[in-house]
Structure formats: C-alpha cells, structure tokens
Amino acid sequence: MPTDKKSSAEQLHIQVQVHISPDFAGSLSQSKLRRIVETSLRYEQVAGEATLVITDNQSIQALNRDFLGVDAPTDVLAFGTQQDGSNFVSAPHEESYLGDIIISYPRALQQAQELGHSLEHELCLLIIHGVLHLLGYDHADEEQKAIMWGRQALLLTRCLESPHPEQISSTK
C-alpha cells in the first residue's frame, strides 16, 4: 500500500512518461493517458515518476514470459521499483521512480468490446490497476483483492465522472 503520502495533493511532484507504439499512436492521446496516471497518483497522494507504455500483444507477451514466466499476452503489467522490498535509489531532492505500466492496446480493445463498455473506460481501468500495483496494492488473496478492487472502483468512478471526462481516443 502507499507509503509516501504527503499532506496536500497539490504539493506533489508527479512526472509521467507516455510511450505509444506507432501502430496505435494516431488513435490515442498521450496527454489524456498521462492525466489518468497523474490523477490516480494525486488521489493516492503519492509523488514520483512513472512510465506508461501502450503496446501490442506480442510485446506484452514477451515481457510476461521473460519476467513472470507466463508465455501468453495479458492486458496490463506493472513493474514497480519497490516490489522486491528494496528501494530504488534516487538522487537527493528527486522524486522516486515508481515503475512502469505496460498495456496491450489490442487486448484493451477486445476486453472493452466483450464487456460492452468504451475503450476509454477499459484503458482507464487498466491504467488505474497498473498504478495501484506500482503503489504496492495486490490481489494475491481475497483480502488484498477486496482492498485493491475497492480502491480501483473509487478511482475509476473519479476518472469517468470527472468534470473533464477523459476521452483517451484522439479526436482526429
């Protein structure tokens, strides 16, 4: 669970790098994807840096296989810098690097269609899920799952009901 809480969300320094595979770059807005990560971190009152990557099934399958031993594509992977119990070393006065979130665009699109909601809804859900993993949330057992799913639902509602609804798809 989050450990680097600050007293005011406005004081948080959050930096998010967004990388979209060229195959999907024309379909998505980097700034809107970045805003979902930033909003989630601010709501959790955690400062730091993170990277969001939108990729294809083949790339996420290779990562899943190489790092988790599962030779299959998945929807989202999160590689936190503090998952092994050690702290990633940051320069003095620099925010900590929280980790990387990798999302399969084709998988997100497929799941959105199967579940009958928008691609924006699905991507928002997957980004929030990844952010929560970076912050130490997990769903390995029922108690952890209940906590994480509750947080996830709260953040998803906040994302989707924002006064500035996130339209992740580009408006081209």
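Residues numbered from 1 in each chain as written. Predicted model: local features only at pLDDT ≥ 70, side-chain atom pairs only at ≥ 80, totals over all residues. Heavy atoms only, no water.

## Looking at helix H4 (residues 119-134)
Phase 1 of the analysis: Taking 1.5 Å of rise per residue, the 16 residues of H4 would be expected to cover 22 Å, and the 22 Å separating its terminal C-alpha atoms lies within 8% of that figure.
Phase 2 of the analysis: Buried residues dominate H4, accounting for 15 of its 16 residues.
Phase 3 of the analysis: Of the residues flanking the end of H4, it is Gly136, one or two places downstream, whose phi is positive at about 100°. (Helix = DSSP H or I, 4+ residues; strand = E, 2+ residues; numbered from the N terminus. Expected span 1.5 Å × (residues − 1). Buried < 20%, exposed > 50% of the residue type's maximum accessible area, 1.4 Å probe, protein only.)

## Observations regarding the confidence of the model for the protein chain
Phase 1 of the analysis: With 80% of its residues at a pLDDT of at least 70, the protein chain reaches an overall mean of 86.
Phase 2 of the analysis: Every residue in residues 2-9 is under pLDDT 50, and counting partners more than four places away or in other chains gives 17 contacts. (pLDDT = per-residue confidence, 0-100. Contact = heavy atoms within 4.5 Å.)

## Some words on the sheet that holds strand S4 (residues 97-104)
Phase 1 of the analysis: If you walk across this open sheet you meet the 4 strands as S1-S2-S4-S3, and the pairing is mixed. Looking at the sheet topology across the chains shown, the edges are occupied by strand S1 (14-20) and strand S3 (76-80). On average, each strand axis in the sheet is inclined to that of its neighbour by 15°, with strand direction left out of account.
Phase 2 of the analysis: The pairing of S3 with S4 spans 5 bridges and is classified as antiparallel. Note on S4: the bridge partner recorded for Ala78 is Ile101. (Pairing = 2+ DSSP bridges. Axes fitted to C-alpha atoms, helices over the stretch in contact; angles between N-to-C directions.)

## As for helix H1 (residues 30-43)
Phase 1 of the analysis: Helix length check: H1, at 14 residues, gives a terminal C-alpha distance of 20 Å against a target of 20 Å (1.5 Å per residue), a fit within 8%.
Phase 2 of the analysis: Burial in H1 covers these residues: Leu33, Ile36, Val37, Ser40 and Leu41. For H1, the angular spread of the buried residues around the axis is 125°, confining them to a single face.
Phase 3 of the analysis: Residues of H1 that are buried make contact with S1, strand S2 (48-55), S4, H4 and helix H5 (142-160).
Phase 4 of the analysis: Looking one or two places after H1, you find Gln45, whose phi comes out positive at around 55°. (Arc of directions from axis to C-beta.)

## Notes on the side chain of Asp56
Phase 1 of the analysis: Take Asp56: it is sitting in the loop between S2 and helix H2 (57-68).
Phase 2 of the analysis: Buried charged residue Asp56 carries no salt bridge. Nearest counter-charge: Arg65, at 11 Å.
Phase 3 of the analysis: In this structure the side chain of Asp56 is engaged in a polar contact, spanning 3.3 Å, whose partner is the backbone nitrogen of Gln58.
Phase 4 of the analysis: Ignoring anything within four residues of it in the chain, the contact list for Asp56 reads Phe24, Ser104 and Pro106. (Lys, Arg positive; Asp, Glu negative; His and termini not counted. Salt bridge = Lys/Arg side-chain N within 4 Å of Asp/Glu carboxyl O. Polar contact = N/O pair within 3.5 Å; in protein donor to acceptor, adjacent residues only side chain to side chain.)

## A look at the pairing of S4
If a strand is regular, its side chains alternate between the two faces of the sheet.
Phase 1 of the analysis: Where burial is concerned, most of S4 is hidden: 6 out of the 8 residues are buried.
Phase 2 of the analysis: Note: S2 against S4, 7 bridges, orientation parallel. When the sheet's bridge partners are listed, Ala50 is paired in S4 with Gly99.

## Some points on the state of the cysteines
Phase 1 of the analysis: Counted by the stated rule, this structure contains 1 disulfide.
Phase 2 of the analysis: Residue pairing for Cys124: its cysteine sulfur links by disulfide to Cys159, the two sulfurs lying 2.1 Å apart. Within this pair, whereas Cys124 is found in helix H4, its partner Cys159 is found in helix H5, the two being separated by 35 residues in sequence. Residues Cys124 and Cys159 agree in their burial class; the two are buried. (Disulfide = S-S within 2.5 Å.)

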